[in-house]
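# Topology and contacts: notes
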Amino acid sequence: MKAGRAIVVGAGLAGLSAAVRLTEAGVTVRVIEAAAQAGGRCRSYHDPQIGLTIDNGNHLVLAGNDAVRRFRERVGADEPLSGPDHADFPFVDLTRDERWTVRINDGTVPWWVLSRNRRVPGTELRDYLALGKLLSGHGEETVSDRIHATGTLWSRVLDPVLLAILNTPAAKGSAKLTAAVMRESLLRGGRASLPRIAHPSLAAAFIDPALGWLASQGASVTLGRRLRGIAVDGNRVAALDWGQDPEAVQEDEAIVLAVPPTVAATLLPGLTVPDAFHAIVNAHFAVAPPADAPPMLGVLGGTAQWLFAFPDRISVTVSAADGLVDMERDALAQRFWDDIQSAYRSSAPMPRWQIVKEKRATFSATPEQDARRPGARTAFRNLFLAGDWTQTGLPATIEGAIRSGETAARRVIERVGA
Ligand SMILES: Cc1cc2nc3c(=O)[nH]c(=O)nc-3n(C[C@H](O)[C@H](O)[C@H](O)COP(=O)(O)OP(=O)(O)OC[C@H]3O[C@@H](n4cnc5c(N)ncnc54)[C@H](O)[C@@H]3O)c2cc1C
């Protein structure tokens, strides 16, 4: 017999994760999403301009992301995530035409820092020992409060990697969030730090299997329906306004609000949420990469920051790309293509391309913004929050979004007694 009912508002990964956990627990679930497709900031679509299915942005997860693994197992996602066999991170510095690969060894004892062949050229063991200070950041501290944001190790690895993880200028990033990521990856060794990329698409790796599983379990997913208002009565949500007649919320129903922070704050005046964001810009070029191109290449000294080699395209990612979002698209594409040519040492005319700009890709992972993240519980006993911007203890990531959904589902289950 089903126990309780839940309405999940928002079919991004947080909402889908909550819906999956709740359905698994026997709760009758309805997911309602404003957009015409599920996935939110983690979505794929066919782009007629380049004639390919592309993702809104290249998304990297780590092999040690436990919630990602749980979620994919639960929904039977059988498209394996792709990536290298070892935690090798190749880089190119375009201004000096220098190349190197950081090679983190598989096990938990980090002996790679003892090996010159595995470290960043020009760095010493003592540079890495200082990184221990990044494993225990406090709430109000930035990365540059913990370590010197200067030197070769900083500029060649830490700055670009933390920028990508936090989507925030690395020195200003929260030391606490950085420590959380490091504890769950580097500290658990190379196996947990393996970069993993959705292949062939985010939809295939995450969204479609979740939608399929939910449908098979009798949970409904409605697209194209926007929540416009929440009416409260004392300490409970009494009705939801979808733009027509308000829908009364029944006593055995709980709501998981899994919408972006700006939307949540509009629906729930008085809710404190992160209010500073950074852009991510992605570009996709419809051409097969050179045969020897690594799956992922860090780029220094260009406009591109990371290159991703897919069988049918080369994709570029730029984090904290606020300075690029207003730039003219053709000029931006040309800059990226120039970087690709230099990085791959190739020479070819620019193929068809597409640029995807996500202006508010994630909240700014600074200590100030982290302090504004609410937990799953709200002032209303039948309303719970989920989203990468809630207090997950992680930066805005797929892992955090999925965990936030699990947390919200746990709170609902406690309430409805499923
Ligand atoms: C370009 C880009 C690159 C990224 N790269 C990485 C990466 O490499 N690794 C990583 O781990 N993370 C990455 N992220 C972050 C990751 O995508 C997010 O953390 C995650 O997708 C957030 O999921 P969410 O469910 O919390 O939010 P969202 O995906 O924003 O979902 C919220 C949903 O609510 C819906 N909605 C909004 N208003 C309403 C309403 N009123 N009624 C009903 N529905 C509504 C929205 O349409 C949306 O579907 C990236 C993000 C972007 C944008």
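As the structure is a computational prediction, the values presented were derived from the model and not from experiment.

## Overview of the environment of Ala 258
You can see Ala 258 is positioned in the loop between strand E13 (253-257) and helix H8 (261-267). When its relative accessible area of 11% is taken as the criterion, Ala 258 is described as buried. Those residues in contact with Ala 258, other than ones at most four positions away along the chain, are Val 9, Gly 10, Ala 14, Gly 15 and Ala 386.

## Topic: the site of the ligand
Around the ligand, the structure places 35 residues, and the nearest of them are Glu 33, Arg 41, His 59, Leu 60 and Asp 388. Ala 34 has a polar backbone atom sitting 3.1 Å from a nitrogen atom of the ligand. A distance of 2.7 Å is found between an oxygen atom of the ligand and a side-chain nitrogen or oxygen belonging to His 59. In terms of residue class, the shell around the ligand is made up of 18 nonpolar, 11 polar and six charged.

## Re the domain arrangement of the protein chain
Parsing the protein chain into structural domains produces domain 1 (5-53 + 64-79 + 199-275 + 366-416), domain 2 (87-193) and domain 3 (277-363). Here the C-alpha centre of domain 3 lies 23 Å away from the C-alpha centre of domain 2. Between domain 2 and domain 3, the contact holds 20 residues from the first and 22 residues from the second. Three residues stand out in domain 2 for area buried against domain 3, namely Leu 94, Arg 99 and Asn 167, and they jointly supply 38% of the buried area on that side. The partner of Asp 97 in a salt bridge is Arg 345, with the nearest N and O atoms 3.5 Å apart. On the surface where domain 2 and domain 3 come into contact, there are nine residue pairs in polar contact (both at pLDDT 80 or more). Broken down by secondary-structure element, the contributors of at least two residues to the side of domain 2 that touches domain 3 are strand E6 (87-93), strand E7 (98-104) and helix H5 (152-166). Looking at the side of domain 2 that touches domain 3 element by element, the count peaks at seven residues for H5. Within the side of domain 2 that touches domain 3, the residues separate by chemical class into 12 nonpolar, four polar and four charged.

## Let's talk about the packing of helix H1 (residues 13-24) against helix H7 (residues 202-216)
At a closest axis distance of 10 Å, the pairing of H1 and H7 adopts a crossing angle of 30 degrees. Classified by the interaxial angle, the pair formed by H1 and H7 is roughly parallel. Helix-helix and strand crossings are classified by hand; for H1 and H7 the assignment is left-handed. Between H1 and H7, the residues in contact are Leu 13, Leu 16, Ala 19, Val 20, Thr 23 and Glu 24 and Phe 206, Ile 207, Ala 210, Leu 211, Trp 213 and Leu 214, respectively. Class assignment of the residues belonging to the contact of H1 with H7 gives a composition of 10 nonpolar, one polar and one charged.

## Topic: the layout of surface pockets
For the second largest pocket, the calculated volume is near 340 Å³. Forming the boundary of the second largest pocket are 18 residues, of which Pro 110, Val 113, Tyr 128, Leu 186 and Leu 187 lie nearest the centre. Partitioning the lining of the second largest pocket into residue classes produces 12 nonpolar, six polar and no charged.

## Examining the nonpolar core
In this structure, Val 102, Leu 240 and Leu 257 are the most contacted members of the largest nonpolar core, which totals 54 residues. Considering each element in turn, this core owes the most residues, six residues, to H5. Residues contacting Leu 240, with those up to four places away along its chain left out, are Ile 7, Leu 227, Gly 229, Ile 230, Pro 246, Glu 247, Val 249 and Ile 255. Counting residues in hydrophobic clusters, the runner-up holds 43 residues, among them Ala 14, Ala 67, Ile 402 and Ala 408.

## Examining the pairing of strand E18 (residues 353-363)
Of all the 11 residues making up E18, eight are buried; the element is thus mostly covered by neighbouring parts of the structure. Inspection of the sheet shows strand E14 (residues 277-285) paired to E18 by eight bridges, in the antiparallel sense. Bridge assignment links Ile 280 to a residue of E18, and that residue is Glu 358.

## Topic: a nonpolar patch on the surface
Taken together, the side chains of Val 109, Trp 111, Leu 114, Leu 125 and Leu 129 present a nonpolar region at the surface, about 520 Å² in accessible area. Within the secondary structure layout, Val 109 lies in the loop between E7 and helix H3 (125-129). For Val 109, a relative accessible area of 58% puts it in the exposed group.

Reading guide: rules and limits
Residues numbered from 1 in each chain as written. Predicted model: local features only at pLDDT ≥ 70, side-chain atom pairs only at ≥ 80, totals over all residues. Heavy atoms only, no water. Helix = DSSP H or I, 4+ residues; strand = E, 2+ residues; numbered from the N terminus. Buried < 20%, exposed > 50% of the residue type's maximum accessible area, 1.4 Å probe, protein only. Contact = heavy atoms within 4.5 Å. Near = heavy atom within 4 Å. Polar contact = N/O pair within 3.5 Å; in protein donor to acceptor, adjacent residues only side chain to side chain. Nonpolar A, V, L, I, M, F, W, Y, C, P; charged D, E, K, R; others polar. Domains from an automatic or database assignment. Buried area = accessible area lost by both parts, 1.4 Å probe. Salt bridge = Lys/Arg side-chain N within 4 Å of Asp/Glu carboxyl O. Axes fitted to C-alpha atoms, helices over the stretch in contact; angles between N-to-C directions. Parallel < 35°, antiparallel > 145°, perpendicular 65-115°, else oblique. Left-handed = near helix turned anticlockwise from the far one by under 90°. 1 Å grid on protein atoms, 1.4 Å probe; cavity = no way out; pocket = protein on both sides within 12 Å on 5 of 7 lines; lining within 4 Å. Points joined across faces, edges and corners; volume = space filled by probe spheres on them. Core = buried A, V, L, I, M, F, W, Y, C linked by side-chain atoms within 4.5 Å. Pairing = 2+ DSSP bridges. Patch = residues over 30% accessible without salt bridge, like charges linked within 9 Å, V, L, I, M, F, W, Y side chains within 5 Å. Areas by Shrake-Rupley, 256 points an atom, 1.4 Å probe, with all protein chains shown as cover.

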